[in-house]
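Spelled out, the chains give:
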Amino acid sequence: MKFSFNKKDILEVLAKIQGITGRKTNLKITSDILIKAVESTITITANDLETVFTGTYEAQVDTPGLLSINSKKFFEIIREYPNENISINEVENRWVEIGSGDSVYHIVSSDYENFPETPVIENVNFIEIAAKDLKKMVAVSSVVGYLSEEKRTYVLGSLIEKAVVDGEEVLRIVSTDSRRLHCFDAPFTGDLDLGSSRVIIPKKGLVELGKFIDSDIETINVGAKDNHFVSQRANESIMIKLLEGDYPDYRLVMNFEEMIPIEVDRAMFLTLMKRVSILTSEDYKSVIFNFTENNLTVTITNPEIGESKEQLMVGFSGEEIKSAFNPRYFMDALNLFEDEIVTLNIKDSKSPCIVKSMKNNNLICVIMSIHIS
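Please read all numbers here as calculations on a predicted model, not as lab measurements. (Residues numbered from 1 in each chain as written. Predicted model: local features only at pLDDT ≥ 70, side-chain atom pairs only at ≥ 80, totals over all residues. Heavy atoms only, no water.)

1. Details of the state of the cysteines
Each disulfide consists of one covalent bond between the sulfur atoms belonging to two cysteines.
At step 1: Tallying each qualifying case throughout the model produces zero disulfides.
At step 2: No disulfide involves C353; its sulfur sits 10 Å from the nearest other cysteine sulfur, which is in C365.
At step 3: Residue class for C353 comes out buried when judged on its relative accessible area of 1%.
At step 4: Sulfur of C365: no disulfide; nearest cysteine sulfur belongs to C183 and is 9.0 Å away. (Disulfide = S-S within 2.5 Å. Buried < 20%, exposed > 50% of the residue type's maximum accessible area, 1.4 Å probe, protein only.)

2. Comments concerning the pattern of salt bridges
At step 1: With the rule as written, the count across this model stands at 23 salt bridges.
At step 2: For the salt bridge of D9 with K8, the shortest nitrogen-to-oxygen distance reads 3.4 Å.
At step 3: Judged by relative accessible area, D9 falls into the partly exposed class, the value being 31%.
At step 4: For E236, the salt bridge identified is with R233, shortest N-O distance 4.0 Å.
At step 5: A single network of salt bridges, built from pairs that share partners, joins R23, D48, E50, K204, E208 and K211. (Salt bridge = Lys/Arg side-chain N within 4 Å of Asp/Glu carboxyl O.)

3. So, the nonpolar core
At step 1: One finds F5, I35, F74, I98, F269, F289 and F330 to be the most contacted residues of the largest nonpolar core, which totals 93 residues.
At step 2: One finds L159, C183, Y247 and Y250 within the second-largest nonpolar core, a separate group that totals 15 residues. (Core = buried A, V, L, I, M, F, W, Y, C linked by side-chain atoms within 4.5 Å.)

4. Structural notes on the packing of aromatic side chains
At step 1: Overall, the coordinates contain nine aromatic pairs when judged by the stated rule.
At step 2: Ring plane angle 90 degrees and centroid distance 6.2 Å describe the contact between F269 and F289, whose orientation is recorded as edge-to-face. Note that F269 is positioned in helix α6 (residues 266-277) and F289 in strand β21 (residues 287-292), a separation of 20 residues in sequence.
At step 3: Relative accessible area serves as the criterion here: at 0%, F269 is assigned to the buried category.
At step 4: On the basis of relative accessible area, F289 is assigned to the buried category, the value being 0%.
At step 5: Ring centres of F269 and F330 lie 5.8 Å apart, and the angle between their planes is 85 degrees; on these two criteria the pair is classed as edge-to-face. In this pair, F269 is assigned in helix α6 and F330 in helix α7 (residues 327-334), connecting sequence segments 61 residues apart.
At step 6: What makes F330 buried here is its relative accessible area of 0%.
At step 7: Ring pairs connect the aromatic residues F269, F289, F291, F316, F325 and F330, which therefore count as one cluster. (Phe/Tyr/Trp six-rings, centres within 6.5 Å; stacked < 30°, edge-to-face > 60°. Helix = DSSP H or I, 4+ residues; strand = E, 2+ residues; numbered from the N terminus.)

5. A word on the packing of helix α1 (residues 7-16) against helix α3 (residues 71-80)
At step 1: With their axes 10 Å apart at the nearest point, α1 and α3 run at an angle of 140 degrees to one another. Judged by the angle between their axes, α1 and α3 are oblique. Of the two elements, α1 crosses α3, and the hand of that crossing is left-handed. Judged by residue contacts, K7, I10, L11, L14 and A15 of α1 engage F74, F75, I78, R79 and E80 from α3. (Axes fitted to C-alpha atoms, helices over the stretch in contact; angles between N-to-C directions. Parallel < 35°, antiparallel > 145°, perpendicular 65-115°, else oblique. Left-handed = near helix turned anticlockwise from the far one by under 90°. Contact = heavy atoms within 4.5 Å.)

6. Digging into the pairing of strand β9 (residues 103-108)
Looking along a regular strand, one sees the side chains alternate between the two faces of the sheet.
At step 1: The pairing of strand β8 (residues 95-100) with β9 spans six bridges and is antiparallel. Residue pairing for β9: I98 is matched across the bridge by Y105.
At step 2: Here β8 hands over to β9 after two residues, with G101 in that stretch at a positive phi of 70 degrees. (Pairing = 2+ DSSP bridges.)

And the structure:
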């Protein structure tokens, strides 16, 4: 096997797949990448048994073949190699020669026959979704995870389903850890077929997918088939193995119709949350929200550190509402919005606070209140 390529063609992709090949599994070879050289291209595959990446790139192939080589070391060598054009030559006993002339590396490869088999998923019914919306879906999935009631196991995954909003079909992602919930709806074109009414996608796979959503991409094709969520663009694809199990009924906490909407300046409120969170600790994570006529007072008393009090003028009227929340959950939620003004929707001292845009309900963040003793 012998081929050469231009450094700039694959350096970035080698950097992005380090999260896949760096994950510890029961198979050591998952820390490798599989390189297939044929005709005038090389195909690079990374597979951690849950997330599979494949990408095809231009190369000059002198001798076709297959090669399984340590991903991290290969990436570091290519990154630091002084020349733009790099040659790869497999010599005897699986030794691989990287480079030529004054800068040459020799490293041992693995038996490519032991590399995990890449799932063959054909005839996927893709839909087209805006890249910025898919990026937002990845961000929404940042909530840690939830306890599966069916299997009594902790699940690091988000729900993806098809929903109908105002007569239009949307792709919805819901992520919750029982203390907060993020829900985002994205429009799409095409005929969405998830194989079932809803699927659960692992957080890690979404994080890896997010690395390949570049700012210069307008749309991406996604679909689901054979227990995999599949994303495809140009010469690259990512397959994420779906999780099994139930998912909490998130709709129970998303009813904001009877709540009091309170408009706040997003940037100002985010800054306030950052300030009060300074005095939180592992044992004292909550702050007190006290809504009174046209005023919100936020206080924290931490006997380990100190206390703080902040006041903000808001358009609130009615009976006083006093509740406790984790300010860091608000910080996470507010960072998902781009609006200058958002609404905090609250009902009473025991109800959650629902953060949403004034313009639409595409993004809804629910933050559960904390009992005040």
